Amino acid sequence: MKQIIFALILISAVVFNFVSCKKKDGNVSTYNATNWGFKIPANFPLPNYTFENNAQTIDRFGLGRLLFYDNILSLNNKISCSSCHAPDHAFSDHNVALSAGIGGVLGTRNAPSLSNLAWYPAFMWDGGVNHIEVQPMVPLTSPTEMNETMANILAKLNANTNYKNLFKKAYDVDVITDQVLLQALAQFTSMLISADSKYDQYIAGTASFTDAEKTGLDIFRNKCAGCHTEPLFTNFSYENIGLDMVSVDLGRQLITQNPLDRGKFRVPSLRNVAKTYPYMHDGRFFTLSQVLDHHINGALNNGITDSTLLQLTPLTSAEKLDIIQFLNTLTDIQFMVDPSLADPTH
Amino acid sequence: MKKNQITFVLFLGLMVSQLTSCKKKTPTPAVVETGTVTINLNHKWGTANGSDFKLDTTLVQPDTGDSLNFTTLEYYVSNFKLKKSDGTWWVHPDSYFLVDLSNPGSLSLNLTNVPLGTYTDVNFTMGVDSLHNVSGAQGGALSTTNLMFWSWNSGYIMLKVEGISNNSQTGSFAFHLGGFSGADNIVTDKQISFSGSSLSVSSNHTSKVFLQVNPDWLWHSAPSVSVLNSIHVPGSDAKTMALGFFANNSITFDHIVE
């Protein structure tokens, strides 16, 4: 009997020998035991971001999460990414049209909801940023947002023992660089995945729609889905939707230099749209009803206005209500209360 | 009992082997002897054998007649390759350099681990290849802390020229030139022959290639700073000015020191 036990221990030691040499990081599957990691929702296409040169690990994600909620990234150490991208608002601002940067300075565009960013081909309302990893440079350095310099952020982080240790553990670096800072933030922002709304459950066959929601979805697919394409509810194009005869904000023209792109902005995703008011690039509309009125009957023809929008046939007030009922099904409460995405220091 | 003792010893042995077996087994590399090549950039102004280009000095641009006092001249060079005498190319890996006229050390580009042999040409890219403009956060010379990256319109400022000029209506000029795709692309391949000389790379030795760089080529096709004193976006103006410097005979072979 004793021999058998020893033999078993012996075998287990041999097995341990083999198993223990496997690489311990850089692979999402390592964390399958806890069901954590980047997963493509069943009804989603392949993502744009593939963690190339920034393999997903739980240490890196945790570090990015801590940074996202840390005021250390702003010039006066008083605001963080989450100040204008709050989880309970689906990572948009607290229902304000324009966000206050340090010292209360207002920006010029509405802080968008952050979700499903790994699927985005470009970032910002004008699409000027071409990669999820370099996106944070805009809010970090903008004078109307966090107003910092990359050099000063790195000086603060490198003087912080906790961050030094966390970056060492996550990226095996002795000095924190902008590269690993930006990569760590992307580890977190790419995990802001909203795909568990009632709509998603309806598509998966695990929830049913009311008649009004079904009718709303039908009308939506008929009139809106050309630009607000399922399942991300945007086709990532840039459109002028006739908000003004002459757009003060040049929008996409700032990036392309093309006057025909004046006042064009990225078609926003409608995920969690009921929770992310106010709407439009400048937050001018506070209700979905106002937005629908503008889209269906209110767009000005400024010569650049999207022609499809101008040709939309009017809605009855019942149809309008049905669309709003449907849009409410895009609210993903689980996304907003997900403890793994919440402030780790609270 | 003896059996048990033997088994136990075996078990201990295995545990010890477990402790040591995870050490990285670095294979003893076959000794490949290499040398170092430095590419030394001497900045000149004006036509061949012109005067030295210096910051904070008034220089007259021969084509436009502008008096220019440069405070900044920075540009990227990348992707160095050396042509062997047998016609094949050796590619220097991860090859990105920021040349900054205010930093003398940056004017000598170090190519390490160059295989021994004789070389006849050098090839490199003026600017940063498009791939590295679209691949997220970068390190080394491409770090954003060099302030050569546009945050709001992603891409590298591949050439930054700033200074003071009485010919400019504002008294100054600032040209931040970039653009890596389509019609806006300024990234330019450059090949420079050692003009019949050859560069021999020998073991544990640094061989030096000296090139002359003439920034006055910036105004080869671009107008006087009285007409255009600022560029901050990719586009036709940026392209005209950048290619004047990147694409013409602005960089020439000077000599080799072995």
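Residues numbered from 1 in each chain as written. Chains lettered and ligands numbered in written order. Predicted model: local features only at pLDDT ≥ 70, side-chain atom pairs only at ≥ 80, totals over all residues. Heavy atoms only, no water.

## Description of the overall build of chain B
Selection criterion: Counting from the N terminus, the helices are DSSP H or I runs at least four residues long and the strands are E runs at least two residues long. Buried means the residue's accessible area, taken with a 1.4 Å probe over protein chains only, is under 20% of the maximum for its type, while exposed means over 50%, and partly exposed covers the values in between. Whether two residues touch is decided by their heavy atoms; if any such pair falls within 4.5 Å, the residues are in contact. Only the protein chains shown count as cover for residues, and all accessible areas are computed by the Shrake-Rupley method using a 1.4 Å probe.
From N to C terminus, chain B includes two helices and 16 strands. Classification of the 258 residues of chain B by burial places 49% in the buried group. Counting contacts in chain B only where the partners sit at least 6 residues apart, residues at least 24 apart contribute 72% of the total. Accessible surface for chain B amounts to roughly 12,000 Å². Of this, 53% is attributable to carbon and sulfur atoms.

## Regarding the overall build of chain A
Of regular secondary structure, chain A possesses 14 helices and two strands. Within chain A, buried positions represent 53% of all 346 residues. Relative to all contacts within chain A whose residues are 6 or more apart in sequence, the contacts with residues 24 or more apart total 66%. When the accessible surface of chain A is summed, it comes to about 15,900 Å², and 58% of that surface belongs to carbon and sulfur atoms.

## What about the packing of helix α2 (residues 58-68) of chain A against helix α7 (residues 178-189) of chain A?
A pair of packed helices is captured by two measures, namely the crossing angle of their axes and the spacing between those axes. Residue and element names in this part refer to chain A. The criterion, for reference: Note on method: axes are straight lines fitted to C-alpha atoms, helices fitted across the in-contact stretch only, with angles between N-to-C directions ranging 0 to 180 degrees. An angle counts as roughly parallel when it lies under 35 degrees, as roughly antiparallel when it exceeds 145, as roughly perpendicular when it falls between 65 and 115, and as oblique in every other case. Following the grouping adopted for this structure description, the nonpolar residues are Ala, Val, Leu, Ile, Met, Phe, Trp, Tyr, Cys and Pro, the charged ones are Asp, Glu, Lys and Arg, and the polar ones are all others, Gly among them.
Running from amino to carboxyl end, α2 crosses α7 at an angle of 95 degrees, the nearest separation of the two axes being 7 Å. With respect to α7, the axis of α2 lies roughly perpendicular. Here Arg60, Phe61, Leu63, Gly64, Arg65, Leu67 and Phe68 of α2 lie close against α7, whose contacting residues are Leu181, Ala184, Leu185, Gln187, Phe188 and Thr189. Among the residues forming the contact of α2 with α7, the class breakdown is eight nonpolar, three polar and two charged.

## Overview of a nonpolar patch on the surface
Residues and elements named next belong to chain A. Note the threshold: Patch criteria: residues need more than 30% relative accessible area and no salt bridge. Like-charged residues are merged within 9 Å; nonpolar side chains of Val, Leu, Ile, Met, Phe, Trp and Tyr are merged within 5 Å. Just to be clear on terms, a salt bridge is a Lys or Arg side-chain nitrogen sitting within 4 Å of an Asp or Glu carboxyl oxygen.
There is a patch of nonpolar side chains on the surface, built from Met245, Val246 and Leu300 and spanning about 290 Å² of accessible area. Structurally, Leu300 is set in the loop between α11 (288-298) and α12 (307-310). A relative accessible area of 35% means that Leu300 is categorised as partly exposed.

## Considering the confidence of the model for chain B
The condition that has to hold: Each residue gets a pLDDT score, which is the predictor's confidence in that residue and runs from 0 to 100.
Summarising the model, chain B shows a mean pLDDT of 90, and 87% of its residues fall at 70 or more. Considering only residues more than four positions removed or in separate chains, one finds that residues 8-24 of chain B, a stretch of pLDDT under 50, has 19 contacts.

## Some thoughts on empty space enclosed by the protein
Residue and element names in this part refer to chain A. The line we're drawing: Points on a 1 Å grid over protein atoms alone make up a cavity when a 1.4 Å probe fits among them but cannot get out, and a pocket when they form an open set with protein on both sides within 12 Å along at least five of seven lines; lining residues each have an atom within 4 Å of a point. Grid points are joined across faces, edges and corners, and a volume is the space filled by probe spheres set on the points.
Enumeration over the complete set of coordinates arrives at one cavity of 30 Å³ or more. Roughly 60 Å³ of internal volume is contained in the largest cavity. Lining the largest cavity, in full, are Asn240, Ile241, Gly242, Leu243, Asp244, Ser247, Gly263, Phe265 and His281. In terms of residue class, the lining of the largest cavity is made up of three nonpolar, five polar and one charged.

## Remarks on the pattern of salt bridges
All names here are of chain A. Scanning the model with the defined rule gives 14 salt bridges over all chains in all. The closest approach of N and O atoms between Asp282 and Arg284, which form a salt bridge, is 2.9 Å. Its relative accessible area of 30% is what places Arg284 among the partly exposed residues. Linked through salt bridges whose partners overlap, the residues forming this network are Arg109, Asp126 and Asp249.

## Focus on the state of the cysteines
Residue and element names in this part refer to chain A. The condition is simple: The disulfide criterion is simple: two cysteine sulfur atoms within 2.5 Å.
For the structure on display, the rule yields zero disulfides over all chains. Between Cys84, a free cysteine, and Cys81, which holds the nearest cysteine sulfur, the sulfur-to-sulfur gap is 9.3 Å. In this structure Cys227 is a free cysteine whose sulfur lies 9.3 Å from that of Cys224, the closest cysteine sulfur available.

## Some details on the environment of Val96 of chain A
Tracing the sequence through the fold places Val96 of chain A in the loop between α3 (81-84) and α4 (137-141). Sequence spacing of Val96 of chain A and Pro278 of chain A is 182 residues, and the spatial spacing of their C-alpha atoms is 6.5 Å.

## Quick look at the nonpolar core
Test applied: Buried Ala, Val, Leu, Ile, Met, Phe, Trp, Tyr and Cys residues form a nonpolar core when they are joined through side-chain atoms within 4.5 Å.
Membership of the largest hydrophobic core comes to 123 residues, with the highest contact counts inside it found for Phe167 of chain A together with Tyr75 and Trp219 of chain B. With eight residues, the top contributor of residues to this core is strand β4 (residues 67-84) of chain B. The contact partners of Tyr75 of chain B, leaving out residues within four places of it in the chain, are Leu41, His43, Phe97, Leu98, Val99, Leu101, Met126, Met148, Met158, Leu159, Val213 and Phe245 of chain B. Within the second largest apolar cluster, 28 residues are counted, among which are Ile219, Phe233, Val273 and Leu315 of chain A.

## Some thoughts on the packing of aromatic side chains
Worth spelling out the cut-off: Ring geometry is summarised as follows: Phe, Tyr and Trp rings, the Trp one being its six-membered ring, pair when their centres sit within 6.5 Å, and such pairs are stacked at plane angles under 30 degrees, edge-to-face over 60 and tilted between the two. Should the NZ of a Lys or the CZ of an Arg lie within 6 Å of a ring centre and within 35 degrees of the ring normal, that charge is described as sitting over the ring.
The tally for this structure, following the rule as stated, stands at 39 aromatic pairs over all chains. Where Phe38 of chain A meets Phe51 of chain A, the ring centres are 5.3 Å apart and the plane angle is 70 degrees; that geometry is what we call edge-to-face. Here Phe38 of chain A is found in the loop between α1 (2-19) and α2, whereas its partner Phe51 of chain A is found in the loop between α1 and α2, with 13 residues between them in sequence. Residue classification places Phe51 of chain A among the buried positions, given a relative accessible area of 10%. Ring centres of Phe80 of chain B and Phe97 of chain B lie 5.6 Å apart, and the angle between their planes is 85 degrees; this geometry places the pair in the edge-to-face category. Of this pair, Phe80 of chain B sits in strand β4 while Phe97 of chain B sits in strand β6 (residues 96-100), and the two are 17 residues apart along the sequence. On the accessibility criterion, Phe97 of chain B (15% relative accessible area) is buried. Every member of this aromatic cluster is reached through a ring pair, and the members are Trp36, Phe61, Phe68, Tyr69, Phe91, Phe188 and Phe335 of chain A. Sitting above the plane of the Tyr238 of chain A ring, Arg252 of chain A keeps its charged end 4.0 Å from the centroid.

## Observations regarding unusual backbone geometry
In most cases, non-glycine residues show a negative phi, while peptide bonds are predominantly trans. Residues and elements named next belong to chain A. A cis amide bond, omega -5 degrees, links Glu230 with the succeeding residue Pro231. Structurally, Pro231 can be placed in the loop between α9 (211-223) and β1 (238-239). Note the cis peptide between Tyr277 and Pro278, where omega equals 0 degrees. Checked against the element boundaries, Pro278 lands in the loop between β2 (265-266) and α11. The residue Ala90 is not glycine, and still its phi comes out positive at about 55 degrees.

## Points about the environment of Ser168 of chain B
All names here are of chain B. Definition in use: In protein, a polar contact means a hydrogen-donor-capable atom and an acceptor-capable atom, both N or O and within 3.5 Å, with residues adjacent in sequence counting only if both atoms are side-chain atoms; elsewhere, any N or O pair within 3.5 Å suffices.
Take Ser168: it is sitting in the loop between β10 (155-164) and β11 (172-178). Beyond its immediate sequence surroundings of up to four residues, Ser168 is in contact with Val225, Ser226 and Asn229. There is a polar contact of 3.0 Å between the side chain of Ser168 and the side chain of Asn229.

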